[in-house]
Each structure stands twice: as C-alpha cells, then as structure tokens.
Number of protein chains: 2
Amino acid sequence: MPVSAPRLADIAPFHVMELLGRARELEAQGRDIIHMEVGEPDFPTPEPILAAAREFLQDGRVFYTPALGLPELREAISGFYRQRYGIAVPASRIAITAGASGALTLALACLAAPGSEWLLTDPGYPCNRHFVRAFEGVPVSIPVGAASNFQPTRLDLEQHWNERTAGALFASPANPTGTMLDAAELADIADFVRQRQGQLIIDEIYHGLTYNGDAPTALAAGDDIFVVQSFSKYFQMTGWRLGWLVIPEPFVRDVEKLAQNLFISASTPAQHAALAAFQPETIALLEQRRTEFKARRDYLAPALEAIGFRITAQPEGAFYLYADCSALTDDSFGFARRLLEEAGVAITPGIDFGNHGASSHVRFAYTNAQARLAEGVERIRQLLA
Amino acid sequence: MPVSAPRLADIAPFHVMELLGRARELEAQGRDIIHMEVGEPDFPTPEPILAAAREFLQDGRVFYTPALGLPELREAISGFYRQRYGIAVPASRIAITAGASGALTLALACLAAPGSEWLLTDPGYPCNRHFVRAFEGVPVSIPVGAASNFQPTRLDLEQHWNERTAGALFASPANPTGTMLDAAELADIADFVRQRQGQLIIDEIYHGLTYNGDAPTALAAGDDIFVVQSFSKYFQMTGWRLGWLVIPEPFVRDVEKLAQNLFISASTPAQHAALAAFQPETIALLEQRRTEFKARRDYLAPALEAIGFRITAQPEGAFYLYADCSALTDDSFGFARRLLEEAGVAITPGIDFGNHGASSHVRFAYTNAQARLAEGVERIRQLLA
Ligand SMILES: Cc1ncc(COP(=O)(O)O)c(C=O)c1O
Ligand SMILES: Cc1ncc(COP(=O)(O)O)c(C=O)c1O
C-alpha cells in the first residue's frame, strides 16, 4: 500500500487549478475566457534583463554558482536596499534563491522545529502553511479582517502566542488582499516577537507594486528579521525562478549549509539576467508599469463595487482585490465556477487563501489589460442582472 | 538567542568548499590551480539547447509553467524513455524540477515521515542524508566497499532493514565512485523493498555518462520506484537547474500538491531550452563528449595507480574516480589540503561523502581537459617523490 508521509494529508492543492483546467477546456472549445485569477504580472520580462540573459548565454558556460548566489548579484541587491530604502544590508546576509518560494524553503527549513507553532494570517498566501508543515512545524492561523486591514496586530500576536510558538510569517503587501503593514506596525510586531524570543519572517515580494506610496521594509525594524523577496512580481521575472532571502547574521552559516545541500545553487542564467534588474532603464520601465497597475486598480475597485462586490479594506499594493461577495452569494467557490461557466470570467475563490470568511470572498487579479478587465466586469454585471 | 531547528546540527557543509575558498585565494595570488574537485561537466551547454533558449527569450513572455512542468517537455522525456530504454513511462508520471535536487526534495517531502528510517550508502552523495533529515526522516548508512563495487546488496538491505525503515535511496552510477547496479541487482533490491512494503528511490543522474555500456534504468524493475533524473550531467545543463522525478502513479497527486506549494514551477527558460536536449544533433554532440570523458577516465585511472593511489572498484560512469590513498596518507583531508597548497591540485576529501573509509579516500573528478589532468598527476607525482 503506497502511503505518503502524514504531512501530505495537510497539504492542500490550489482549488483555482480546477477552475483553470476547466477554463482551458472552455478555451479549447473556442470560448473567450477573461483571466482575472492569474497571480503574475502580464508584462514580458523587461528588455534590459532579457538582453543580459542573451549576452550571458553567448558562450554557453552555464555552470553552478556559489550556493548563496553570484557575489555581484548579492552586492547589487545590497545596493538596492541602500538606494531605495536607505538601509545597510551587507551582501553577506543575502541568499539568492529560486524565487520567494526558495527563500521560504530556506527560512522554514532553518527555523521550523518539529511541533513548533508558526503564526500566519487567514486569509494569506496559501503556500505559507504548507512550507511550515513540510518541515514539520505547526501552522496556526490568525483570522484577520477588514477591521485590521487584513493584517495582524500586536494584540493578535499576544492572543495567539503560547509556549510552543516559535515565530510568525506575514506578508506586506499581502496576497490576497494587497494590504500593508506600516513602519510603526512592523516595528511593533517585531518588538513583540523579539520579546518572546521568537523569529519573524516578513515576505516583501510585493514591494515596489504599491500605489499610495512605497512600502516600508521590515529590515528597518531590526536586523534579526528574515525578509523574503523575489524578482517575480515587481521585476516581472516569474518564470525565471529567482528571489532572495535576507538572513539575520547568526543564521547565515546554517542557511548556507541548507542552500548547498537542498539547491546547490539558483538558476545561473536568471542570476546573470537579474544583474540588469537594477539598471536605471529597467527601473524606469518598471515604474511605468507600476503606474499601469495603479490605473487598473483605480478602475477595477469602484467598478466591482458598482455591481455588488464590497472592497472592505484599502488594497494598497500587489495586483489583487479581495472582494466580499456576500451580497451576491454565500458560496464563493460555486460562484466562481458559475462566473467561469456562464460569464467566461476566471477568478480565485476565497478557499484558496484559508477558511476565515472564505465562502464570502473572491480574489480578482488585475494582471490583464484594462479593456479586458472592463469586459470582465460587464460580463459579470450582465450575469448578475 | 537565535537558535536554528535541531536538524541543523545534523546538516553538514561541504568540506570541499573550504578547499575551494583557499583555491580561489591562491588563484587570486597568481597560482595556477588544477581543478579536479568540480562535480560538473566542463563543457558548455550544447548549442542547440542554447539556441532554443535564445529563441524562447525573443518575446520575453517568461511566465510560470504548470507545477509539474511544460506538457511538451514531459512528453519529450517520456519519448526519451521509450527510445533509449524501450520503456513506457507516461508523461503524467513525470514531474519537472529544479535539478535532481528538486526531484529529491519532492520525493523525500512526499515520503519521509518523521522518524522513519531511510537506507543510504556510505560513501554516497552527501546531500542525500540531508534531504532525508530536512524532512525529519532518519538517514541510516549502509557502509559499502570495493567488495560490492561500492553498491548495496540485497543482504545489506536485509541487515539494515527494521520496523522503522521506510525506504532506500541509492544512485547508479553513484557519486563519488562511478560504480553501477546492474539490472539484476536493481531488480533484486526493488523486490526486497517491495516485500517489506517500503519505497525505493533510485537516482539516475549519471545515466548517459557510462563508459562500458549503458546503465539499466530502475524503471525496468517496476513502476513503483521513484526515479530521480537531471539535465545537469549528461545534458550538461548544471546552471540551468533542471531535472525530473518519475513518480509511481499512486503518488502523482501528492507530488503535484507539493510542487505547487514548494516551487510553483521550474525555470521556464530552462524548460524551453531543454526541449532541444533530445534532438539528434544534441545527442550526437553529447555522445562525442561521452567519448571524451571515457578517454579521460581511461587515462586517469592507471595514471593515479602509477603514483600510488588504488582504484579498488570499476568506475563505470559519472566523471569521478574514488581513489584509495591509504598507501600515501591516513588523513585524506589533510592530504587534500597539502595537495592544494604544495602542488596546486584541488581534489575532494572522502569526508564529504560519509565516514566509512573517508580518511583513506579522495575523489578525483575528470571534468577537465586531459592535458590538465596529466599536469595534475605530474605535480602530485613530484610532490610525493
Ligand atoms: C505572498 C507571496 N509570497 C511568495 C510567492 C512566491 O513567488 P515566487 O516563488 O515566484 O517568488 C507568491 C507568489 O504568488 C506570493 O504571492
Ligand atoms: C548523485 C547526485 N544526485 C543529485 C545531484 C544534484 O544535481 P542537480 O540538482 O544539479 O541535478 C548530484 C550533483 O552533483 C549528484 O552527484
């Protein structure tokens, strides 16, 4: 009898994949589907990054890099922190990984002792609890709602922290809500976790994609915080699989051992390509695209509210709107299926992000041209009319 | 007090990294170092693979792929098994990963329950015990030596299997020895593990790099075996980070959930590049290079024996010679240091591959032009003279 390890019983698939499979079937039948479920930018990789990749590939010498990454890329990221945030992060504390996914793997493999509890938000990025569980930690959900902007408060931490708690993992801006922690909130959370001698991991993958000002980095709240980052979203390099982890100094050696053993190294072409990510012309292009994302958000949020959804917290970043659909349905998964079948619009049901309020929420991604978003809204409006 | 999870105490760094760091220092001082420690082919990525990558990068649409990989690449690998081995492996059982490293992650994350024991060889690929340990399994070493060609026997398995044993993970050809299991031995081992209701994982990363005939695949011994493979070695794509896992059908869904959550997907440029890996002109080039590796092995083994090393088992594959240096030293790590300092030759000490016989063995990699290998041998000869 083939039996997987017990952890597999706790690891959920993405429910949106079922919808996506059905969407592909419908498309194969000639139906036009508007994709508002996709969690990645719709823009191509910026040309300077592509050019750097092509240049690197000239001679074909595509070998392993050091486990923590190309020294010059680690330096470039250190420079990025200096320039953009005015913060000194030595390159020696930066590990290059296969996306934020690889950074989360390293952080949890390093920190999660079996049975130790980790505080996460519900709703939140679905993989977080599975990273914790994969390394035999115990994910503990903090239900968050509009009252706290779908972010945890110090009070939440106090209420959920116990003697088994080892740490907390939060994202700012968050998926699926796009809401942020401000600098004071970050400092407050860091202070609390520090007092309890826990570890704090902050996922900053949506930094750069914020529309009412820049997001503060958790690194300003202390050099004892693990920060997860990625070239996937702001830098629009999802398929390249490249990101990084900022490591508190005392953990660098352990994270390096893990990286050597679990990964050998991150993608070499991606690392060379990413060297061009911080060039002024790349940044200029990315800032243009940021403006485009902002315009989409500013269009989509009121448009959805006009047809019966409610956006209960301010979505300041990422490219998601987490919409309350309770005026329209009490079964968001069934509702998402119906939207796909009858309106040809794909969205993500709340269940993919946790349990708290899941059946009354859906996520819209604005990773599609504004005209398509408008067409999607119109189709939903007609369906609901 | 920052404390890593207990597993970190059991996860060792690569000792050769210390030597490598020193080698770089010496090189920076102008010393010429002959690298015979490098575990990757010295050849560039084959031109058709590079061309496919460049072509794919034209339009910059580098997005995530499905979690188990590009359907056409999974099909191509299925075709490769049909053509090269005459074996039917449906594409649905193939997961594309970030190297064999990613495949080992998926296999152990899926199979290793906390406290379950996993049989490995000592010496063996050093990361294996760390993959087991990362997911809270318990690595158990089977000491192997020249008598069994540094491979495990059915008797070894019988002796080491107990009620906590969940499975076994072996490589053929193996690192650091280059020795193989033949088809009968594979079938015998598979049969034994099956009887005990355990799981068998066979790492076939060095397939294609064999010099006395092709290696048999474990897939011929049953469709209940996990097979780890990679584009790193035979296909000479180390830095691209691409490999695959062949999954027994009952585990496909669980492995897919893990891949979705832990990785999202493997590198998209690498996957598109690898579509060219099975083209006749790529294979023709790889077969030429295989001939070159064979010539190097046929040169190096007797050359090392002539200066006092002993190659105690037939190295049929990979690009390594695991040499007994007991006639020259009883401290292989110190010996490797001395070779580096005094002869400018970098090799890997036995300690990186386990404990059994570690102090009396070193690994030579023939991932360097034959003239350089000869120069290395000559320098060692003079040092020992
Ligand atoms: C909050 C969050 N963290 C991490 C990731 C992982 O992204 P990647 O591995 O591509 O960097 C995602 C992807 O959607 C995400 O939304
Ligand atoms: C036996 C063995 N397995 C797996 C790997 C991992 O290689 P990769 O992740 O590049 O495919 C190696 C690398 O040296 C190896 O020797």
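Parameters and conventions
- Residues numbered from 1 in each chain as written.
- Chains lettered and ligands numbered in written order.
- Predicted model: local features only at pLDDT ≥ 70, side-chain atom pairs only at ≥ 80, totals over all residues.
- Heavy atoms only, no water.
- Near = heavy atom within 4 Å.
- Polar contact = N/O pair within 3.5 Å; in protein donor to acceptor, adjacent residues only side chain to side chain.
- Helix = DSSP H or I, 4+ residues; strand = E, 2+ residues; numbered from the N terminus.
- Nonpolar A, V, L, I, M, F, W, Y, C, P; charged D, E, K, R; others polar.
- Contact = heavy atoms within 4.5 Å.
- Buried area = accessible area lost by both parts, 1.4 Å probe.
- Salt bridge = Lys/Arg side-chain N within 4 Å of Asp/Glu carboxyl O.
- Pairing = 2+ DSSP bridges.
- Axes fitted to C-alpha atoms, helices over the stretch in contact; angles between N-to-C directions.

S.K.: Any details on the site of ligand 2? Residues and values, ideally.
M.R.: Residues in contact with ligand 2 amount to 14 residues; listed here are only the nearest, Tyr 64 of chain A together with Ser 101, Asp 203, Ser 230 and Ser 232 of chain B. Chains contributing residues to the immediate surroundings of ligand 2 are chains A and B. Within the contact set of ligand 2, an oxygen atom lies 2.5 Å away from a side-chain nitrogen or oxygen of Ser 101 of chain B. One of the side-chain N or O atoms of Tyr 206 of chain B is found 2.7 Å from an oxygen atom in ligand 2. Considering every element that reaches the shell around ligand 2, the biggest residue donor is helix α4 (residues 99-111) of chain B, with three residues. For the shell around ligand 2, the class distribution of residues is six nonpolar, five polar and three charged.

S.K.: Explain the site of ligand 1 residue by residue, including any values.
M.R.: Not every one of the 14 residues close to ligand 1 is listed here, only the nearest: Ser 101, Asp 203, Ser 230 and Ser 232 of chain A together with Tyr 64 of chain B. Nearby residues place ligand 1 at the junction of chains A and B. Here an oxygen atom of ligand 1 sits 2.6 Å away from a polar atom, N or O, in the side chain of Tyr 64 of chain B. At three residues, helix α4 (residues 99-111) of chain A tops the list of elements feeding residues into the shell around ligand 1. Looking at the shell around ligand 1, its residues break down into six nonpolar, five polar and three charged.

S.K.: Talk me through the interface of chain B and chain A; I want residue IDs and the actual numbers.
M.R.: Counting from both sides, the interface comprises 70 residues of chain B and, opposite them, 70 residues of chain A. For the pair chain B and chain A, the two sides together bury roughly 5600 Å², of which 58% comes from carbon and sulfur. Applying the counting rule to chain B against chain A returns zero salt bridges. The interface formed by chain B and chain A holds 36 residue pairs in polar contact (both at pLDDT 80 or more) in total. Counting only elements with at least two residues in the side of chain B that touches chain A, the list comes to α2 (47-57), α4, α5 (127-134), α8 (252-262) and α9 (268-274) of chain B. Element by element, the count of residues in the side of chain B that touches chain A is highest for α8 of chain B, at seven residues.

S.K.: Account for the sheet that holds strand β9 (residues 320-324) of chain B, naming residues and giving values.
M.R.: Residue and element names in this part refer to chain B. Spatially, β9-β12-β11 is the arrangement adopted by the three strands of the open sheet, whose pairing is antiparallel. The sheet is open, and its two borders are formed by β9 and β11 (348-349), each paired with just one other strand. Both β9 and strand β12 (residues 361-365) contribute to a ladder of five bridges, which runs antiparallel. Its bridge partner being in β12, Tyr 322 is matched across the sheet by Arg 363. The strands touched by helix α10 (residues 280-306) within the sheet are β9 and β12, with β9 carrying the most contacts at an inclination of about 10 degrees.

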